[in-house]
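# Observations on the three-dimensional arrangement
Each chain, letter by letter, is given below.
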Amino acid sequence: MDILDKINGFSAKYNMLPYGASVVCALSGGADSVCLMFCLKLLSVNSRFEVEALHINHSIRGEESDGDEEFCRRLCAQLHVPFTSVRVDAPAYAKEYSLSLEESARKLRYKCFHEHSQGKIIATAHNADDNLETALLNLARGSGITGISGIPPVRDNIIRPLLTVTRFEIECFLKENNLSFVTDSTNLSDDYTRNKIRHSIVPLLAEINPSVVKSFINSSDAMREENGFIADETLKALEKCRNGNTLLDINNLPELIRKRCIIRLLSDNNVSYSHDLVERAMRLAGTGGKINVAGDLFLVSDKISLKLEKISEKTAHSVVSAELPLNGTVTLLGKIVTAEIAEPSAPLSPDAFYLDLDSLKGNLILRNRVYGDKIQLAGRGFTSSVKKLINEKIPPELRETLLFIQDDIGTVWAERLGIAQRTAPRKDSSALLKITVNFA
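Residues numbered from 1 in each chain as written. Predicted model: local features only at pLDDT ≥ 70, side-chain atom pairs only at ≥ 80, totals over all residues. Heavy atoms only, no water.

### Focus on empty space enclosed by the protein
Worth spelling out the cut-off: The rule is simple: put a 1 Å grid over the protein atoms alone, call a set of points where a 1.4 Å probe fits but cannot get out a cavity, call an open set with protein on both sides within 12 Å along at least five of seven lines a pocket, and count a residue as lining if it has an atom within 4 Å of a point. Grid points are joined across faces, edges and corners, and a volume is the space filled by probe spheres set on the points. In DSSP terms, a helix is any run of H or I states spanning at least four residues, a strand is any run of E spanning at least two, and both are numbered starting from the N terminus. Any residue outside Ala, Val, Leu, Ile, Met, Phe, Trp, Tyr, Cys, Pro, Asp, Glu, Lys and Arg is labelled polar, Gly included; the first ten of those are nonpolar and the last four are charged.
One pass over the full model with this rule turns up 1 cavity of 30 Å³ or more. For the largest cavity, the calculated volume is near 30 Å³. The wall of the largest cavity is formed by Asn-131, Leu-163, Thr-164, Ile-217, Ser-220 and Arg-224. It is helix 10 (residues 212-241) that contributes the most residues to the lining of the largest cavity, 3 residues altogether. Residues that form the lining of the largest cavity fall into these classes: 2 nonpolar, 3 polar and 1 charged.

### Examining the pattern of salt bridges
Basically, it comes down to this: Between Lys or Arg on one side and Asp or Glu on the other, a salt bridge is scored when a side-chain nitrogen of the former is within 4 Å of a carboxyl oxygen of the latter.
Counting across every chain of the model gives 29 salt bridges. Here Arg-106 and Glu-103 are joined by a salt bridge, their closest N and O atoms 3.0 Å apart. Highlighted residues: Arg-106 and Glu-103, both in helix 5 (residues 101-115), separated by 3 residues, approximately one helical turn. The partner of Lys-259 in a salt bridge is Glu-279, and the shortest N-O contact between them spans 2.9 Å. Residue Lys-259 is found in helix 11 (residues 255-268), and its partner Glu-279 is found in helix 12 (residues 275-287); the two are separated by 20 residues along the sequence.

### A few points about the side chain of Ser-220
Applied cut-off: Any two residues whose heavy atoms approach within 4.5 Å at even a single point are treated as in contact.
Locating Ser-220 in the fold gives a position in helix 10. Residues within four places of Ser-220 in sequence aside, it is in contact with Asn-131 and Ser-149.

### Some words on the packing of helix 6 (residues 128-140) against helix 9 (residues 193-208)
Which entries qualify depends on this criterion: Axes here refer to lines fitted to C-alpha atoms; in helices the fit is confined to the stretch in contact. Angles between the N-to-C directions go from 0 to 180 degrees. Relative orientations are named as follows: roughly parallel for angles under 35 degrees, roughly antiparallel for angles over 145 degrees, roughly perpendicular for angles from 65 to 115 degrees, and oblique for any other angle.
Axis separation between helix 6 and helix 9 bottoms out at 10 Å; the angle between their running directions is 100°. Our classification of the angle between helix 6 and helix 9 gives roughly perpendicular. Residue-level inspection shows Asp-130, Leu-132, Glu-133, Thr-134, Leu-136 and Leu-137 of helix 6 in contact with helix 9, the latter providing Thr-193, Arg-194, Ile-197, Arg-198, Ile-201, Val-202 and Leu-205. In terms of residue class, the contact of helix 6 with helix 9 is made up of 7 nonpolar, 2 polar and 4 charged.

### Here's the deal with the environment of Ala-53
The criterion, for reference: The rule is simple: take the accessible area with a 1.4 Å probe, protein chains only, and divide by the maximum for that residue type; under 20% is buried, over 50% is exposed, in between is partly exposed.
Within the secondary structure, Ala-53 sits in strand 2 (residues 50-57). Judged by its relative accessible area of 1%, Ala-53 is buried. Linking Ala-53 and Gly-362, residues 309 residues apart in sequence, is a C-alpha distance of 75 Å. Each residue touching Ala-53, except ones within four places of it in the same chain, is listed here: Val-24, Cys-25, Leu-27, Met-37, Cys-76, Val-81, Pro-82, Phe-83 and Thr-84.

If you want it as structure tokens, here you go:
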């Protein structure tokens, strides 16, 4: 099967190139986009859609970037394809928003796609190799099935007709048709994350299976079908259980669908989520309570419903506490805290915290955060607001269940933050109090 047949079949499966459509080819001048442009031009004759080109000059490589733009302009003139060029400043954008150059270029590129494709279709030249690299990158970042299934063939008005075509097939096609292209020098560097995968990891996989890219085409397709089924089931569940920002009776749903419903609730409210946050939300739905997810947004559960709502900081949580014996265990907020007296000469555990026993005054109280908490951490010569420390160091989804220990004078230990200077172990400490924390 040649490239045109592959593109035709793949496009038909996802209805990428409907009759009468205006298709804007994202043309960088590289091998992939030149191949896509040439193929779209050939297919447009019989399929009756219009083709035009959009080139984005990211201003990253100076004269080389300008040369790429001129190459694209000449190519479109030869093919009689309408050409538009847009210049953006990716380095300046990266500096202004503290982004990597790679991420900056991507954001600006898709912004341009949106601005120049109203009422039209954007075609990008992502190929089968790109798809595998994306899946590996998402896998490394801890993505679920949506991420590791790779690049979606269609998203909004963006289509990827080359997803079943390998980079090798593209190179052969260009050679057979005597088509020239430009090479982006940044693609030859290992400075970018994707290039590390392309130049180092994929070749190692190819040693195990020389057809790894072609194999992933089938795997990706299967995962997309499975993910699509889960997405459809999630949509059906949401239609029954969602009321605004409240999920009703979700504990009766299958666990996988329950997770997807929670993810949808968070993403619809522009709340970034992690695997840990979703797991905590799942537990919350069954046990009741509330957790902070971002700013003044909380997930609140009464064991029947799970609701995302805004709660002011002062009323966000009630204080829960319990006395902590010097040799004993207390369970609070789903965590097991153990205190035991230890000899200074005993081996120190890396999973425990240690306090100078003689510096502790009165009874120890284990509690959650209190509004206005302060602590002078060991090694610091000043007292800090716990709120400020938490905002700097603790992800939003973990803040509501942080534990603290106080004596009659004040806070002596803050979970994930450290111990107080006045109760820190000293060289002449006669006894230590060992603190360990585990999930219940």
